[in-house]
Amino acid sequence: MTNDQIADQFSLLSKLMDIHGEDSFKSKSYSIAAYNIEKLPRQAAEMSEAELFSMKGIGNSTGKKILQMLATGQFPALEEIIANTPPGILDLLQIKGLGPKKIAVIWNELGIESVGELEYACNENRLVALKGFGAKTQESLLQSIAYIRQNEGFVLWAEAEKIANSLLQSLQTQFPASQFLLTGAVRRQVEIIDTISFVTTATGAALAAYFNGQEGVTITEGGNAITIQLPGSPVLRFYVAEEGALYAVQFTTTGSDEFIAAFTTKYTVPPAPATEEEVFAANKLQYIPPALRETASVLDKAAANNMPALVTKADIRGIIHSHSTWSDGMSTIEQMAIAARDKGFEYLVISDHSQAAFYANGLKPEQIAAQHIEVDALNAKLAPFKVFKSIEADILNDGALDYTA
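Keep in mind that this is a model prediction, so the values were computed, not measured.

Participant: Now, about the packing of aromatic side chains: what can you tell me, with residues and values included?
Facilitator: Across all of its chains, the model carries 16 aromatic pairs by this definition. Look at Y30 and F75: their rings are 6.5 Å apart centre to centre, the planes differ by 65°, and that puts the pair in the edge-to-face class. Taken together, the residues span a long stretch of sequence, with Y30 in helix α2 (residues 24–38) and F75 in the loop between α4 (60–72) and α5 (76–83) at a distance of 45 residues. Neither residue differs from the other here; Y30 and F75 are each classed as buried. Measuring from ring centre to ring centre gives 6.2 Å for F251 and F259, while their planes differ by 65°; the resulting arrangement is edge-to-face. A relative accessible area of 0% places F259 in the buried class. Three or more aromatic residues joined by ring pairs make a cluster, and in this case those are F175, F180, F198, Y210, F211 and F238. Here the guanidinium or amino end of K102 rests over the ring plane of F133, the centre of that ring lying 5.3 Å away. One residue, K386, lies across the ring of F388, its end atom 5.7 Å from the ring centre.

Participant: Account for helix α7 (residues 100–110), naming residues and giving values.
Facilitator: By the burial criterion, the buried members of α7 are P100, I103, A104, I106 and W107. Looking at the buried residues of α7, the elements they touch are α1 (3–19), α6 (87–92) and α8 (115–123). Taken from the residues just after α7, G111 is the one with a positive phi, measuring 70°.

Participant: Quick one: what's the story with the sheet that holds strand β6 (residues 225–229), residue by residue and with numbers?
Facilitator: Strand order in the open sheet made by the 5 strands is β2-β4-β7-β6-β5, with mixed pairing throughout. If you trace the sheet from one side to the other, it starts and ends with β2 (180–183) and β5 (218–222), each paired once. Averaged over all pairs of adjacent strands, the angle between strand axes in this sheet comes to 25°, irrespective of strand direction. Looking at chain direction, β6 and strand β7 (residues 235–240) are connected through 4 bridges and run antiparallel. Bridging across to β7, I226 finds its partner in F238. The sheet contacts of helix α12 (residues 204–212) involve β2, β4 (195–200), β5, β6 and β7, and relative to β5 the element is tilted by about 170°.

Participant: Give a description of the sheet that holds strand β8 (residues 318–322) that names residues and reports values.
Facilitator: Two modes of strand pairing occur in sheets, parallel and antiparallel, and in both the strands are linked by backbone hydrogen bonds. Read from one edge of the open sheet, 3 strands run β8-β9-β10, paired in parallel fashion. Across the chains shown, the open sheet's two edge strands, defined by having one partner strand only, are β8 and β10 (386–392). The sheet shows a mean angle of 15° between the axes of neighbouring strands, direction not considered. With 3 bridges connecting them, β8 and strand β9 (residues 347–353) associate as parallel partners. The residue of β9 that forms the bridge with S322 is I350.

Cut-offs applied
- Residues numbered from 1 in each chain as written.
- Predicted model: local features only at pLDDT ≥ 70, side-chain atom pairs only at ≥ 80, totals over all residues.
- Heavy atoms only, no water.
- Phe/Tyr/Trp six-rings, centres within 6.5 Å; stacked < 30°, edge-to-face > 60°.
- Helix = DSSP H or I, 4+ residues; strand = E, 2+ residues; numbered from the N terminus.
- Buried < 20%, exposed > 50% of the residue type's maximum accessible area, 1.4 Å probe, protein only.
- Lys NZ or Arg CZ within 6 Å of the ring centre and 35° of its normal.
- Contact = heavy atoms within 4.5 Å.
- Pairing = 2+ DSSP bridges.
- Axes fitted to C-alpha atoms, helices over the stretch in contact; angles between N-to-C directions.

Here it is, written out as C-alpha coordinates:
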(Lines give C-alpha, C1' and ligand atoms only; values in the text may rest on other atoms or scores of the structure.)
Protein backbone atom coordinates (compact mmCIF):
# COMPACT_ATOMS: atom_id res chain seq x y z
CA MET A 1 0.00 0.00 0.00
CA THR A 2 1.18 3.52 -0.76
CA ASN A 3 1.21 6.36 1.75
CA ASP A 4 -1.71 7.99 -0.07
CA GLN A 5 -3.78 4.82 0.18
CA ILE A 6 -3.03 4.48 3.90
CA ALA A 7 -3.82 8.16 4.50
CA ASP A 8 -7.12 7.80 2.63
CA GLN A 9 -8.18 5.03 5.00
CA PHE A 10 -7.34 7.10 8.09
CA SER A 11 -9.20 10.08 6.60
CA LEU A 12 -12.27 7.97 5.76
CA LEU A 13 -12.35 6.54 9.29
CA SER A 14 -12.28 10.09 10.71
CA LYS A 15 -15.20 11.16 8.51
CA LEU A 16 -17.28 8.09 9.29
CA MET A 17 -16.70 8.57 13.01
CA ASP A 18 -18.04 12.13 12.70
CA ILE A 19 -21.08 10.85 10.79
CA HIS A 20 -21.77 8.28 13.53
CA GLY A 21 -21.32 10.93 16.24
CA GLU A 22 -18.38 9.21 17.88
CA ASP A 23 -15.72 10.86 20.04
CA SER A 24 -14.66 14.06 18.20
CA PHE A 25 -11.17 14.08 19.75
CA LYS A 26 -10.47 10.55 18.51
CA SER A 27 -11.94 11.38 15.11
CA LYS A 28 -9.69 14.42 14.77
CA SER A 29 -6.65 12.36 15.73
CA TYR A 30 -7.28 10.07 12.75
CA SER A 31 -7.62 13.10 10.48
CA ILE A 32 -4.31 14.51 11.73
CA ALA A 33 -2.69 11.10 11.28
CA ALA A 34 -3.86 11.06 7.64
CA TYR A 35 -2.24 14.46 7.08
CA ASN A 36 1.03 13.32 8.67
CA ILE A 37 1.12 10.10 6.63
CA GLU A 38 0.74 12.09 3.40
CA LYS A 39 3.71 14.22 4.46
CA LEU A 40 6.09 11.32 5.11
CA PRO A 41 9.36 11.88 3.20
CA ARG A 42 9.17 8.42 1.58
CA GLN A 43 6.94 5.37 1.44
CA ALA A 44 6.16 3.80 4.82
CA ALA A 45 6.55 0.37 3.21
CA GLU A 46 10.24 1.17 2.67
CA MET A 47 10.87 2.19 6.30
CA SER A 48 11.95 0.09 9.22
CA GLU A 49 9.67 0.06 12.25
CA ALA A 50 12.07 2.28 14.18
CA GLU A 51 12.29 4.81 11.36
CA LEU A 52 8.52 4.93 10.87
CA PHE A 53 7.84 5.44 14.58
CA SER A 54 10.39 8.26 14.69
CA MET A 55 8.62 10.27 11.98
CA LYS A 56 6.99 13.55 12.98
CA GLY A 57 3.33 12.99 13.85
CA ILE A 58 3.57 9.17 13.75
CA GLY A 59 3.22 7.86 17.27
CA ASN A 60 3.14 4.32 18.59
CA SER A 61 -0.59 3.82 17.98
CA THR A 62 -0.61 5.23 14.43
CA GLY A 63 2.61 3.41 13.57
CA LYS A 64 1.18 0.03 14.62
CA LYS A 65 -1.93 0.58 12.51
CA ILE A 66 0.22 1.47 9.48
CA LEU A 67 2.33 -1.67 9.96
CA GLN A 68 -0.82 -3.78 10.24
CA MET A 69 -2.16 -2.35 6.97
CA LEU A 70 1.14 -2.95 5.23
CA ALA A 71 1.30 -6.54 6.49
CA THR A 72 -2.34 -7.57 6.00
CA GLY A 73 -3.99 -4.90 3.85
CA GLN A 74 -6.61 -4.59 6.60
CA PHE A 75 -7.71 -1.76 8.91
CA PRO A 76 -10.13 -3.39 11.42
CA ALA A 77 -11.41 -0.11 12.90
CA LEU A 78 -12.39 1.15 9.44
CA GLU A 79 -13.84 -2.20 8.36
CA GLU A 80 -16.01 -2.33 11.48
CA ILE A 81 -17.49 1.14 11.00
CA ILE A 82 -18.06 0.56 7.27
CA ALA A 83 -19.98 -2.62 8.14
CA ASN A 84 -22.29 -0.47 10.30
CA THR A 85 -22.72 2.23 7.63
CA PRO A 86 -25.26 2.08 4.78
CA PRO A 87 -23.28 1.89 1.48
CA GLY A 88 -25.00 5.01 0.13
CA ILE A 89 -23.55 7.12 2.97
CA LEU A 90 -20.08 6.61 1.50
CA ASP A 91 -21.37 7.97 -1.81
CA LEU A 92 -22.68 11.08 -0.06
CA LEU A 93 -19.12 11.92 0.98
CA GLN A 94 -18.31 12.57 -2.69
CA ILE A 95 -20.78 15.47 -2.91
CA LYS A 96 -19.20 18.92 -2.75
CA GLY A 97 -20.50 20.99 0.16
CA LEU A 98 -21.72 17.99 2.13
CA GLY A 99 -19.33 17.21 4.98
CA PRO A 100 -19.63 14.50 7.64
CA LYS A 101 -21.60 16.63 10.10
CA LYS A 102 -24.21 17.60 7.50
CA ILE A 103 -24.47 13.99 6.37
CA ALA A 104 -25.13 13.02 9.98
CA VAL A 105 -27.98 15.56 10.14
CA ILE A 106 -29.77 14.39 6.98
CA TRP A 107 -29.23 10.75 7.89
CA ASN A 108 -30.51 11.06 11.46
CA GLU A 109 -33.33 13.53 10.84
CA LEU A 110 -34.55 12.60 7.36
CA GLY A 111 -33.32 9.02 7.02
CA ILE A 112 -31.42 9.86 3.84
CA GLU A 113 -28.92 7.10 3.03
CA SER A 114 -28.06 7.59 -0.66
CA VAL A 115 -27.42 10.20 -3.35
CA GLY A 116 -30.76 9.37 -4.96
CA GLU A 117 -32.65 9.92 -1.71
CA LEU A 118 -30.83 13.21 -1.17
CA GLU A 119 -31.69 14.39 -4.69
CA TYR A 120 -35.34 13.50 -4.13
CA ALA A 121 -35.42 15.31 -0.77
CA CYS A 122 -33.87 18.45 -2.32
CA ASN A 123 -36.44 18.43 -5.14
CA GLU A 124 -39.15 18.07 -2.49
CA ASN A 125 -37.70 21.10 -0.64
CA ARG A 126 -37.24 19.06 2.55
CA LEU A 127 -33.77 20.28 3.52
CA VAL A 128 -34.53 23.99 3.98
CA ALA A 129 -35.90 23.52 7.49
CA LEU A 130 -32.85 21.65 8.78
CA LYS A 131 -30.32 23.44 10.96
CA GLY A 132 -27.25 24.38 8.92
CA PHE A 133 -29.09 24.10 5.62
CA GLY A 134 -31.20 26.50 3.58
CA ALA A 135 -32.48 27.18 0.09
CA LYS A 136 -29.03 28.09 -1.24
CA THR A 137 -27.42 24.99 0.26
CA GLN A 138 -30.18 22.83 -1.16
CA GLU A 139 -29.71 24.30 -4.65
CA SER A 140 -25.93 23.91 -4.38
CA LEU A 141 -26.33 20.24 -3.48
CA LEU A 142 -28.57 19.67 -6.50
CA GLN A 143 -25.93 21.26 -8.73
CA SER A 144 -23.22 19.05 -7.21
CA ILE A 145 -25.33 15.93 -7.73
CA ALA A 146 -25.96 16.92 -11.36
CA TYR A 147 -22.23 17.41 -11.88
CA ILE A 148 -21.49 13.96 -10.44
CA ARG A 149 -24.12 12.39 -12.69
CA GLN A 150 -22.58 14.06 -15.76
CA ASN A 151 -19.05 12.97 -14.88
CA GLU A 152 -19.56 9.44 -13.59
CA GLY A 153 -16.98 7.11 -15.03
CA PHE A 154 -14.51 9.89 -15.94
CA VAL A 155 -11.00 9.82 -14.46
CA LEU A 156 -7.78 11.73 -14.97
CA TRP A 157 -5.27 10.15 -17.33
CA ALA A 158 -2.78 9.28 -14.56
CA GLU A 159 -5.47 7.31 -12.70
CA ALA A 160 -6.66 5.65 -15.91
CA GLU A 161 -3.10 4.57 -16.71
CA LYS A 162 -2.79 2.90 -13.29
CA ILE A 163 -6.07 1.04 -13.83
CA ALA A 164 -5.01 0.03 -17.34
CA ASN A 165 -1.58 -1.26 -16.32
CA SER A 166 -3.01 -3.19 -13.37
CA LEU A 167 -5.67 -4.73 -15.60
CA LEU A 168 -3.08 -5.63 -18.24
CA GLN A 169 -1.16 -7.64 -15.66
CA SER A 170 -4.30 -9.42 -14.44
CA LEU A 171 -5.49 -10.23 -17.94
CA GLN A 172 -2.11 -11.50 -19.06
CA THR A 173 -2.06 -13.82 -16.04
CA GLN A 174 -5.62 -14.99 -16.72
CA PHE A 175 -5.04 -15.46 -20.46
CA PRO A 176 -1.35 -16.44 -20.83
CA ALA A 177 -1.80 -17.63 -24.42
CA SER A 178 -3.34 -14.31 -25.56
CA GLN A 179 -1.83 -10.90 -26.23
CA PHE A 180 -3.09 -7.61 -24.81
CA LEU A 181 -2.00 -4.12 -25.91
CA LEU A 182 -3.13 -0.72 -24.67
CA THR A 183 -4.80 1.54 -27.23
CA GLY A 184 -7.22 4.47 -27.50
CA ALA A 185 -7.32 7.66 -25.43
CA VAL A 186 -5.21 6.30 -22.56
CA ARG A 187 -2.38 5.53 -24.98
CA ARG A 188 -2.69 9.07 -26.41
CA GLN A 189 -2.48 10.43 -22.84
CA VAL A 190 -5.72 12.39 -23.16
CA GLU A 191 -6.28 14.43 -19.99
CA ILE A 192 -9.75 13.10 -19.09
CA ILE A 193 -10.60 9.45 -19.77
CA ASP A 194 -14.01 7.78 -19.94
CA THR A 195 -12.97 4.62 -21.81
CA ILE A 196 -9.92 2.41 -21.34
CA SER A 197 -9.27 0.45 -24.53
CA PHE A 198 -7.24 -2.66 -25.33
CA VAL A 199 -6.44 -4.73 -28.40
CA THR A 200 -6.37 -8.47 -27.74
CA THR A 201 -6.17 -11.86 -29.39
CA ALA A 202 -8.43 -13.30 -26.67
CA THR A 203 -11.96 -14.12 -27.81
CA GLY A 204 -14.97 -12.02 -26.90
CA ALA A 205 -16.60 -15.07 -25.32
CA ALA A 206 -13.59 -15.68 -23.06
CA LEU A 207 -13.52 -12.03 -21.96
CA ALA A 208 -17.28 -12.01 -21.31
CA ALA A 209 -16.97 -15.14 -19.17
CA TYR A 210 -14.11 -13.59 -17.19
CA PHE A 211 -15.98 -10.37 -16.34
CA ASN A 212 -19.46 -11.87 -16.00
CA GLY A 213 -18.90 -12.96 -12.42
CA GLN A 214 -18.34 -9.41 -11.18
CA GLU A 215 -21.19 -7.58 -9.43
CA GLY A 216 -23.07 -4.96 -11.43
CA VAL A 217 -21.26 -5.66 -14.70
CA THR A 218 -22.85 -4.82 -18.07
CA ILE A 219 -21.40 -6.45 -21.19
CA THR A 220 -22.10 -5.36 -24.75
CA GLU A 221 -20.73 -7.05 -27.85
CA GLY A 222 -20.75 -5.63 -31.35
CA GLY A 223 -18.56 -6.09 -34.40
CA ASN A 224 -15.00 -6.82 -33.32
CA ALA A 225 -15.37 -5.09 -29.94
CA ILE A 226 -16.64 -6.05 -26.51
CA THR A 227 -17.50 -3.33 -23.98
CA ILE A 228 -17.45 -3.90 -20.23
CA GLN A 229 -19.13 -1.46 -17.83
CA LEU A 230 -18.30 -1.89 -14.15
CA PRO A 231 -19.89 0.30 -11.43
CA GLY A 232 -17.88 3.48 -10.72
CA SER A 233 -15.26 2.69 -13.34
CA PRO A 234 -14.44 3.99 -16.82
CA VAL A 235 -15.79 1.82 -19.61
CA LEU A 236 -13.46 -1.01 -20.66
CA ARG A 237 -13.36 -1.73 -24.39
CA PHE A 238 -11.60 -4.67 -26.00
CA TYR A 239 -10.93 -4.80 -29.74
CA VAL A 240 -10.58 -8.46 -30.73
CA ALA A 241 -7.97 -9.03 -33.45
CA GLU A 242 -6.39 -11.94 -35.27
CA GLU A 243 -2.82 -12.42 -34.07
CA GLY A 244 -1.30 -11.18 -37.34
CA ALA A 245 -3.48 -8.05 -37.33
CA LEU A 246 -2.81 -7.08 -33.71
CA TYR A 247 -0.65 -4.03 -34.45
CA ALA A 248 -2.80 -2.91 -37.38
CA VAL A 249 -5.82 -2.79 -35.07
CA GLN A 250 -3.79 -1.06 -32.37
CA PHE A 251 -2.83 1.63 -34.88
CA THR A 252 -6.38 2.24 -36.13
CA THR A 253 -7.81 2.40 -32.60
CA THR A 254 -5.09 4.56 -31.05
CA GLY A 255 -5.45 7.76 -33.09
CA SER A 256 -8.31 10.24 -32.83
CA ASP A 257 -11.10 10.05 -35.41
CA GLU A 258 -9.62 13.07 -37.20
CA PHE A 259 -6.15 11.56 -37.35
CA ILE A 260 -7.28 8.12 -38.58
CA ALA A 261 -9.62 9.62 -41.19
CA ALA A 262 -6.79 11.77 -42.57
CA PHE A 263 -4.34 8.86 -42.50
CA THR A 264 -6.60 6.42 -44.35
CA THR A 265 -7.39 9.09 -46.98
CA LYS A 266 -3.71 9.46 -47.97
CA TYR A 267 -2.06 6.26 -46.76
CA THR A 268 -2.71 2.58 -46.20
CA VAL A 269 -2.45 0.33 -43.14
CA PRO A 270 -0.58 -2.92 -43.88
CA PRO A 271 -2.81 -5.91 -43.02
CA ALA A 272 -0.25 -7.68 -40.82
CA PRO A 273 2.54 -5.37 -39.60
CA ALA A 274 4.98 -6.95 -37.14
CA THR A 275 5.08 -3.69 -35.16
CA GLU A 276 3.24 -0.39 -35.21
CA GLU A 277 6.41 1.30 -36.46
CA GLU A 278 6.04 -0.73 -39.67
CA VAL A 279 2.77 1.09 -40.44
CA PHE A 280 4.68 4.37 -40.68
CA ALA A 281 7.71 2.90 -42.44
CA ALA A 282 5.53 1.30 -45.12
CA ASN A 283 4.12 4.75 -45.90
CA LYS A 284 7.52 6.51 -45.75
CA LEU A 285 6.43 8.53 -42.73
CA GLN A 286 8.40 9.46 -39.63
CA TYR A 287 7.02 7.63 -36.60
CA ILE A 288 4.33 9.64 -34.80
CA PRO A 289 4.17 9.01 -31.03
CA PRO A 290 0.63 8.15 -29.78
CA ALA A 291 0.36 11.40 -27.80
CA LEU A 292 0.60 13.40 -31.06
CA ARG A 293 -2.02 11.44 -33.00
CA GLU A 294 -4.80 13.95 -32.44
CA THR A 295 -4.94 16.15 -35.56
CA ALA A 296 -4.53 15.66 -39.30
CA SER A 297 -1.79 18.30 -39.55
CA VAL A 298 0.74 16.13 -37.73
CA LEU A 299 0.85 13.87 -40.80
CA ASP A 300 2.40 16.68 -42.82
CA LYS A 301 5.19 16.97 -40.26
CA ALA A 302 5.78 13.22 -40.35
CA ALA A 303 5.90 13.30 -44.17
CA ALA A 304 8.48 16.11 -44.02
CA ASN A 305 10.48 14.21 -41.37
CA ASN A 306 9.94 17.15 -39.05
CA MET A 307 8.29 15.62 -35.98
CA PRO A 308 8.80 17.58 -32.74
CA ALA A 309 10.48 15.85 -29.81
CA LEU A 310 8.21 15.03 -26.88
CA VAL A 311 8.98 16.36 -23.41
CA THR A 312 10.22 13.51 -21.22
CA LYS A 313 11.11 13.11 -17.57
CA ALA A 314 14.75 13.71 -18.54
CA ASP A 315 13.82 17.24 -19.65
CA ILE A 316 12.73 18.26 -16.14
CA ARG A 317 15.57 20.35 -14.74
CA GLY A 318 14.23 21.33 -11.33
CA ILE A 319 11.49 21.12 -8.69
CA ILE A 320 9.19 24.02 -7.93
CA HIS A 321 6.76 24.80 -5.09
CA SER A 322 8.48 22.96 -2.24
CA HIS A 323 7.63 23.33 1.46
CA SER A 324 10.37 23.03 4.07
CA THR A 325 10.44 22.73 7.84
CA TRP A 326 10.18 26.52 7.93
CA SER A 327 6.41 26.00 7.51
CA ASP A 328 4.71 22.60 7.18
CA GLY A 329 7.33 20.58 5.28
CA MET A 330 9.05 17.47 6.64
CA SER A 331 12.62 18.24 5.51
CA THR A 332 15.03 21.14 5.74
CA ILE A 333 15.90 23.22 2.70
CA GLU A 334 19.40 21.75 2.69
CA GLN A 335 18.08 18.16 2.82
CA MET A 336 15.76 18.81 -0.11
CA ALA A 337 18.39 20.67 -2.10
CA ILE A 338 20.94 17.87 -1.71
CA ALA A 339 18.32 15.23 -2.59
CA ALA A 340 17.31 17.20 -5.70
CA ARG A 341 20.91 17.73 -6.73
CA ASP A 342 21.72 14.05 -6.26
CA LYS A 343 18.83 13.14 -8.57
CA GLY A 344 20.38 15.25 -11.30
CA PHE A 345 18.20 18.35 -10.97
CA GLU A 346 19.69 21.81 -11.37
CA TYR A 347 17.48 23.86 -9.06
CA LEU A 348 14.86 23.81 -6.32
CA VAL A 349 12.21 26.48 -5.62
CA ILE A 350 11.22 26.96 -1.99
CA SER A 351 7.62 28.15 -1.57
CA ASP A 352 6.69 27.93 2.11
CA HIS A 353 3.32 29.21 3.35
CA SER A 354 2.74 32.87 4.15
CA GLN A 355 1.74 34.18 7.58
CA ALA A 356 -2.05 33.95 7.10
CA ALA A 357 -1.70 30.16 6.91
CA PHE A 358 -1.24 29.89 10.68
CA TYR A 359 -2.44 26.26 10.55
CA ALA A 360 0.67 25.45 8.50
CA ASN A 361 3.18 27.59 10.44
CA GLY A 362 3.13 30.33 7.77
CA LEU A 363 6.19 32.59 7.74
CA LYS A 364 6.16 36.08 9.25
CA PRO A 365 8.25 38.76 7.48
CA GLU A 366 11.21 38.39 9.85
CA GLN A 367 11.22 34.62 9.26
CA ILE A 368 11.32 35.17 5.49
CA ALA A 369 14.38 37.38 5.92
CA ALA A 370 16.07 34.69 8.01
CA GLN A 371 15.15 32.02 5.47
CA HIS A 372 16.70 34.10 2.67
CA ILE A 373 19.97 34.25 4.59
CA GLU A 374 19.92 30.43 4.84
CA VAL A 375 19.20 30.11 1.10
CA ASP A 376 22.06 32.47 0.20
CA ALA A 377 24.44 30.37 2.30
CA LEU A 378 23.22 27.15 0.68
CA ASN A 379 23.64 28.58 -2.81
CA ALA A 380 27.25 29.41 -2.02
CA LYS A 381 27.78 25.94 -0.57
CA LEU A 382 26.02 23.90 -3.27
CA ALA A 383 26.87 25.92 -6.42
CA PRO A 384 26.23 25.44 -9.29
CA PHE A 385 23.01 23.95 -7.87
CA LYS A 386 20.57 26.80 -7.21
CA VAL A 387 17.86 27.28 -4.60
CA PHE A 388 15.31 29.91 -5.64
CA LYS A 389 13.35 31.98 -3.12
CA SER A 390 9.55 32.25 -3.31
CA ILE A 391 6.52 32.20 -1.04
CA GLU A 392 3.03 30.72 -1.28
CA ALA A 393 1.32 34.00 -0.40
CA ASP A 394 -2.38 33.89 0.46
CA ILE A 395 -4.82 36.31 -1.15
CA LEU A 396 -6.82 37.81 1.72
CA ASN A 397 -10.58 38.40 1.83
CA ASP A 398 -10.18 42.02 0.72
CA GLY A 399 -8.12 40.97 -2.32
CA ALA A 400 -4.79 42.08 -0.86
CA LEU A 401 -1.76 39.87 -0.65
CA ASP A 402 -0.66 38.45 2.70
CA TYR A 403 2.37 40.78 2.82
CA THR A 404 2.49 44.53 2.32
CA ALA A 405 5.84 44.48 0.52
